[in-house]
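Results of the structural survey
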Amino acid sequence: MKKHIVLLPGDGIGKEVIHSAREVLSAVAEEYNHSFSFETHEIGGAAIDQYGTPLPESTVDACKQADAVLLGAVGGPKWDQNPSHLRPERGLLGIRKALDLYANLRPIKGFKNLLHASPLKEEVVSGSDLLIVRELTGGLYFGTPSERRDNGNAVVDTLAYTRKEIERIVDKGFQAAQQRRGHLTSVDKANVLESSKLWREIVEEKKAQYPDVAVEHVLVDAAAMKLITNPTHFDVIVTENLFGDILSDEASVLTGSLGMLPSASLREDGLGLYEPVHGSAPDIAGKGVANPVAMILSAALMLRYSFQLDDEAKVIEEAVQSVLDAGFHTGDLQVTDGRLVGTVEMTKLIVDYIKSQNASKCIASCYF
């Protein structure tokens, strides 16, 4: 298989972890007889510095021609005082909109040997395995008008959705539930918001098309509480943009580290943008200590969703688990025993697993 991948390193540790993903993908290509070509473009703060905009047209054009896109992270204090149109985050929002990446998938599954790192009790978080399906190109983040008024003393933001926008993300949620455990939780605020009332109506209409999926409606405040008190209750959560943004970050505590969580942003034809959930972490950028696992697992999602290479995706996931089982960890994982490694060494261990026919023996003999 030949595929062309655009790399958007972005800012901070994004530049380091995107290199890790490329190394892992190159190993997969070599072992499975694929050909992956790579092209790098700027986004976020790096693009502001070089081009005067967080999302250059050249970046958009390259992404539109790619088979998939990998993004590191954007943002940092260097640009915090910029006007809103020159903030790095505008590049991220802009590329999602430009590519019509309407569905964001965030799988959240705890690694057994890292459960102690979660702030929740192990008996609460153990067994958690859920997928948040978030609408990504509508709602409050994109509605107009969004502006200050009355000389800055009043503001307005607009939450707007069309029926089509809601229907397609709800379908994605039902389809994901069919492929998992058959339970869909639709999260809204239908007791207050008109947009949520329409959302709930559409979910009720759609469920007849998916008789094998059990559906429940949960208000967003109740869902936030239940994610912390009973996370194993959830299988697939589908929700709108703002609620999904907040709930997916809240759910990240189940794993104990944002450095372990990948995400996929998709459109109908299979083009996807894949990125770790974590930010640019400017405080550790350039120190070689960033956890590359979320970025590497995002590359695995790319193989699965955009290229339909499920076996190759699984070997990456198995490599990550094997390295963790062998006791290797980056500093963010709060492991009290085992061996502390940096970005480069963690990446090499994962690559070694992929290249080895007897990975466990190789890891034990080469590194212990």
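First things first, this report covers the structure right here in the doc. Just so you know, these numbers come straight off a predicted model, no measurement behind them.

We now examine the sheet that holds strand β1 (residues 2-10). Pairing within the open sheet is mixed, and its 10 strands lie in the order β2-β1-β3-β12-β11-β4-β5-β10-β8-β9. A single partner strand is all that each edge strand has here, and the edge strands are β2 (35-40) and β9 (214-219). Mean inter-strand twist for the sheet, computed between neighbouring axes without regard to direction, equals 25 degrees. In this sheet, β9 lies alongside strand β8 (residues 183-188) in parallel orientation, the contact comprising 6 bridges. Note on β9: the bridge partner recorded for His 183 is Ala 214. Across the sheet, helix α1 (residues 14-32) touches β1, β2 and β3 (68-73), and the angle it forms with β1 is around 165 degrees. Against the sheet, helix α3 (residues 57-65) touches β1, β2 and β3, its axis set at about 150 degrees to β1.

Glancing now at α3. By the burial criterion, the buried members of α3 are Thr 59, Val 60, Ala 62 and Cys 63. Each buried residue of α3 lies within a common arc of 165 degrees when the element is viewed along its axis, so the set occupies one face. In α3, those exposed residues whose orientation departs by more than 90 degrees from the buried face are Glu 57 and Gln 65. Looking at the buried side of α3, the elements it contacts are β1, β2, β3 and α4 (88-98).

The topology assignment puts Ser 20 in helix α1. A distance of 2.7 Å separates polar atoms of two side chains, one belonging to Ser 20 and the other to Thr 347. Those residues in contact with Ser 20 that lie beyond four places of it in its chain are Pro 292, Ile 296, Thr 343 and Thr 347.

Calculation criteria
- Residues take numbers from 1 onward in each chain, read along the sequence in its written order.
- For this predicted model, a pLDDT threshold of at least 70 governs which residues receive local features, and a threshold of 80 or more governs which side-chain atom pairs are given and counted, while totals over whole chains, interfaces and linings are taken from all residues.
- With hydrogens and water set aside, each side-chain value is computed from the structure's full complement of heavy atoms.
- For two strands to pair, DSSP has to find at least two bridges joining them.
- Segments assigned H or I by DSSP are reported as helices when at least four residues long, segments assigned E as strands when at least two residues long, and all are numbered from the N terminus.
- An axis is simply a line fitted to the C-alpha atoms; with a helix, the fit covers only the stretch in contact. Between two such axes, the angle follows the N-to-C directions and lies from 0 to 180 degrees.
- In what follows, residue pairs with any heavy atoms lying within 4.5 Å of each other are defined as contacts.
- Exposure categories follow from relative accessible area, calculated using a 1.4 Å probe and restricted to protein chains: below 20% of the type maximum is buried, above 50% is exposed, and the middle band is partly exposed.
- Directions drawn from the helix axis to the C-beta atoms are what define this arc.
- Any pair of nitrogen or oxygen atoms within 3.5 Å is treated as a polar contact; in protein, a donor-acceptor pairing is required on top of that, and neighbouring residues in sequence qualify only through side-chain atoms on both sides.

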